[in-house]
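Topology and contacts: notes
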Amino acid sequence: MNSGDTIAAFSSPVAPAARIILRLSGPEAIELAGRLSEGELPEPPSAARGRLGVNELRFPAWIYLFGAPRSYTGEDLVEFHLPGNPLLAQMTLQYLLRLGARLADAGEFTARAYFNGRIDLTEAEGIAATIHASNQQELSAARQLMAGELSRRVEPVIDEVAQTLALVEAGIDFSDEDVSFLSPAQASERIAKADRALEDLLRDSARFERLSHEPTFVLVGRPNAGKSALLNALAGHERAIVSPVAGTTRDVLSAPITLARGVIRLIDVAGLEHADELPEQSAADPQAHIHRQMQDHARRAAQSADRLVLLRDITQNEADPMLPRKPDLVVLSKADLNDSACGSRDSYLAVSARTGDGMDKLRAALDELAFGATASSAKLALNARHVQAIEEARIALAHAANQTSATPELLAMELREALDALGRIAGRVTPDDVLGRVFSTFCIGK
Ligand SMILES: Nc1nc2c(ncn2[C@@H]2O[C@H](COP(=O)(O)OP(=O)(O)OP(=O)(O)O)[C@@H](O)[C@H]2O)c(=O)[nH]1
Ligand SMILES: [Mg+2]
């Protein structure tokens with residue numbers, strides 16, 4: 001990444017559309033824009049409707065000029081809003097590359113913004129998270145990160161630890177004199193306060209890794225409970241075979257289900273049986289072998305699911321199958337066949353894949369299980385890097401808390417370690433490999 005270059009890339013999809021956006025950033029950006037433009041360009045910051053000349057072609061475009069350092073990247077930056085023709089857009093980019101611009105790497109515009117001090121590392125990660133967000137909750141969590149919310153919450157903790165460290169170091173410098181800057185009790189109190197703030201931060205946050213994959217929901221139940229019929233009804237198409245024969249589903253099947261706030265992956269597996277119902281183990285019997293494998297696969301899928309949904313046939317009075325853990329939701333199937341003989345089952349969600357009864361309620365319940373209660377406020381998104389830094393800081397603080405009455409040098413060392421870890425969150429002391437990882441998750445043009 002050489003910030004002396006002028007880089008160019010599309011920052012919108014290159015597809016037939018109202019506009020295609022081409023970005024140019026670096027020391028030559030404004031000069032190159034001038035060479036493309038037919039007329040004189042106004043001084044930045046400005047927006048001008050002009051005509052561009054690319055090879056023999058002349059066409060209108062909006063040209064936005066931003067002067068360093070007041071731009072997204074902190075450098076001279078130009079945005080061309082081109083007519084939405086992909087061929088024309090590609091020709092314009094190629095032309096700029098021939099004039100001396102270089103094609104931007106993924107995330108390079110944002111990396112420049114970081115290196116020029118326009119944003120800190122957590123804001124850069126927020127931008128990446130926004131690009132990759134696949135549901136509303138992720139989007140609002142990413143927005144908060146982008147807006148610098150994490151840095152704002154870590155900043156007071158850094159101040160607290162830094163002040164404590166300064167007082168401890170002052171005590172070391174003046175150890176010959178009879179002055180005390182910080183009593184052990186005061187040191188403990190300050191350390192405990194910093195640690196509490198970090199604990200709160202972890203508690204109030206969503207782990208981005210956990211949110212950012214499609215949550216998996218496994219449908220479990222006895223054979224013939226109606227699992228495959230329910231999968232089909234939720235998916236809106238015939239994904240799985242449905243039949244009155246128990247043991248229809250053998251493999252693990254799945255379909256994406258779009259709910260109000262995002263997409264989950266719903267997995268349908270073979271009906272689970274009780275251990276005593278399994279056919280006699282006989283190595284020679286291929287049927288028994290298949291049967292065991294079906295049960296194994298189903299149990300393994302249930303074990304690794306994010307959420308377990310147990311389906312009970314409303315017309316049967318059967319014991320539930322053995323499950324690897326308590327189900328997150330119990331649903332009664334075939335509600336259309338319900339008769340009063342089955343007694344009151346009001347406390348469970350009853351649905352019918354056949355008539356669609358109860359399906360809206362089921363969708364709402366799945367949505368809540370996947371994306372949290374609707375009323376919950378947008379959480380702050382933490383990724384693995386943030387969590388690791390916060391946890392390292394807390395370990396150092398715990399060590400420091402044990403050293404408040406010991407030699408001040410040891411206490412200072414632990415506090416410095418906590419400060420280092422916290423500094424890494426906003427990228428104050430960040431090694432190159434961490435930066436590489438952060439920016440590699442971007443797409444080109446950002
Ligand atoms: N009336 C009614 N019948 C249903 C409903 N859902 C499923 N069935 C019937 O119940 C039988 C079993 O349905 P499946 O979806 O194949 O059940 P399953 O749980 O996938 O069964 P296995 O794959 O064999 O474990 C079929 O005959 C379905 O037509 C429903 O909501 N109402
Ligand atoms: Mg099935």
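These lines cover the structure that appears in this document, whether it is placed above or below. Quick caveat, the model's predicted, so the values are computed rather than measured.

A word on the packing of helix H6 (residues 149-173) against helix H13 (residues 408-426)
- Running from amino to carboxyl end, H6 crosses H13 at an angle of 160°, the nearest separation of the two axes being 9 Å. On the basis of the axis angle, H6 is roughly antiparallel to H13. Crossing geometry of H6 relative to H13 is assigned as left-handed. When H6 is examined against H13, the residues Leu150, Ser151, Val154, Val157, Ile158, Val161, Ala162, Thr164, Leu165, Val168, Glu169 and Ile172 are found in contact with a partner set consisting of Pro408, Glu409, Leu411, Ala412, Leu415, Arg416, Ala418, Leu419, Leu422, Gly423, Ile425 and Ala426.
- Its residues assigned to classes, the contact of H6 with H13 shows 18 nonpolar, three polar and three charged.

Brief notes about the pairing of strand E1 (residues 7-10)
- Burial along E1 is two-sided: the face carrying Ile7 and Ala9 and the face carrying Ala8 and Phe10 are both buried.
- Taken together, the four bridges between E1 and strand E2 (residues 19-25) define a ladder with antiparallel strand orientation. Considered in E2, the bridge of isoleucine 7 is made with serine 25.
- One ladder, built from two bridges, connects E1 with strand E6 (residues 102-103); its direction is parallel. Counted as the bridge partner of alanine 8 is leucine 103 from E6.

Notes on the side chain of aspartate 313
- Mapping aspartate 313 onto the fold places it in strand E11 (residues 307-313).
- A polar contact is formed between the side chain of aspartate 313 and the side chain of lysine 334, at a distance of 2.9 Å.

A word on the nonpolar core
- Counting residues in hydrophobic clusters, the biggest one holds 32 residues, and the most contacted among them are Leu150, Val161, Leu397, Leu415 and Leu422.
- Those residues within four positions of leucine 150 in sequence are excluded, and the remaining contacts are Thr122, Leu145, Leu201, Leu380, Leu382, His386 and Ile425.
- By size, the runner-up hydrophobic cluster in this structure holds 25 residues, among which are Phe217, Ala255, Val309 and Leu366.

Description of the side chain of aspartate 367
- Here aspartate 367 is to be found in helix H11 (residues 359-371).
- The exposure class assigned to aspartate 367 is buried, which follows from its relative accessible area of 7%.
- Within polar-contact distance, the side chain of aspartate 367 engages the backbone nitrogen of alanine 260 at 3.4 Å.

Some thoughts on the sheet that holds strand E9 (residues 253-259)
- What the six strands build is an open sheet, ordered E9-E10-E8-E11-E12-E13; its pairing is mixed. Looking at which strands have only one partner, the edges of the open sheet turn out to be E9 and strand E13 (349-350).
- Pairing of strand E12 (residues 329-333) with E13 involves two bridges; the strand directions are parallel. The residue bridging valine 331 from the neighbouring strand is leucine 349, located in E13.
- The strands touched by H11 within the sheet are strand E8 (216-221), E9, strand E10 (262-268), E11, E12 and E13, with E10 carrying the most contacts at an inclination of about 105°.

Some points on the layout of surface pockets
- In this structure, the largest pocket spans a volume of roughly 580 Å³.
- Contributing to the lining of the largest pocket are 31 residues, with Asn224, Gly226, Ala229, Val242 and Lys334 lying nearest its centre.
- The element contributing the most residues to the lining of the largest pocket is helix H9 (residues 227-235), with six residues.
- The class makeup of the residues in the lining of the largest pocket is 15 nonpolar, eleven polar and five charged.

What to know about the coordination of the magnesium ion (ligand 2)
- Those donors, Ser228 (OG) and Thr249 (OG1), are the protein atoms that reach the magnesium ion (ligand 2), and they lie 1.9 to 2.1 Å from it. In this pair, serine 228 sits in helix H9 while threonine 249 sits in the loop between H9 and E9, placing the two residues 21 residues apart along the sequence. Comparing serine 228 with threonine 249, the two get one shared label, buried.

Some words on unusual backbone geometry
- The linkage connecting proline 44 with the following residue, proline 45, adopts the cis geometry, with an omega of -5°.
- Phi at asparagine 224 takes a positive value of approximately 75°, unusual for a residue other than glycine.
- For asparagine 224, the location among the structural elements is in the loop between E8 and H9.

Each value, and the rule that gives it
Residues numbered from 1 in each chain as written. Chains lettered and ligands numbered in written order. Predicted model: local features only at pLDDT ≥ 70, side-chain atom pairs only at ≥ 80, totals over all residues. Heavy atoms only, no water. Axes fitted to C-alpha atoms, helices over the stretch in contact; angles between N-to-C directions. Helix = DSSP H or I, 4+ residues; strand = E, 2+ residues; numbered from the N terminus. Parallel < 35°, antiparallel > 145°, perpendicular 65-115°, else oblique. Left-handed = near helix turned anticlockwise from the far one by under 90°. Contact = heavy atoms within 4.5 Å. Nonpolar A, V, L, I, M, F, W, Y, C, P; charged D, E, K, R; others polar. Buried < 20%, exposed > 50% of the residue type's maximum accessible area, 1.4 Å probe, protein only. Pairing = 2+ DSSP bridges. Polar contact = N/O pair within 3.5 Å; in protein donor to acceptor, adjacent residues only side chain to side chain. Core = buried A, V, L, I, M, F, W, Y, C linked by side-chain atoms within 4.5 Å. 1 Å grid on protein atoms, 1.4 Å probe; cavity = no way out; pocket = protein on both sides within 12 Å on 5 of 7 lines; lining within 4 Å. Points joined across faces, edges and corners; volume = space filled by probe spheres on them. Donors = N, O, S within 2.8 Å, 3.2 Å for Na, K, Ca; no water.

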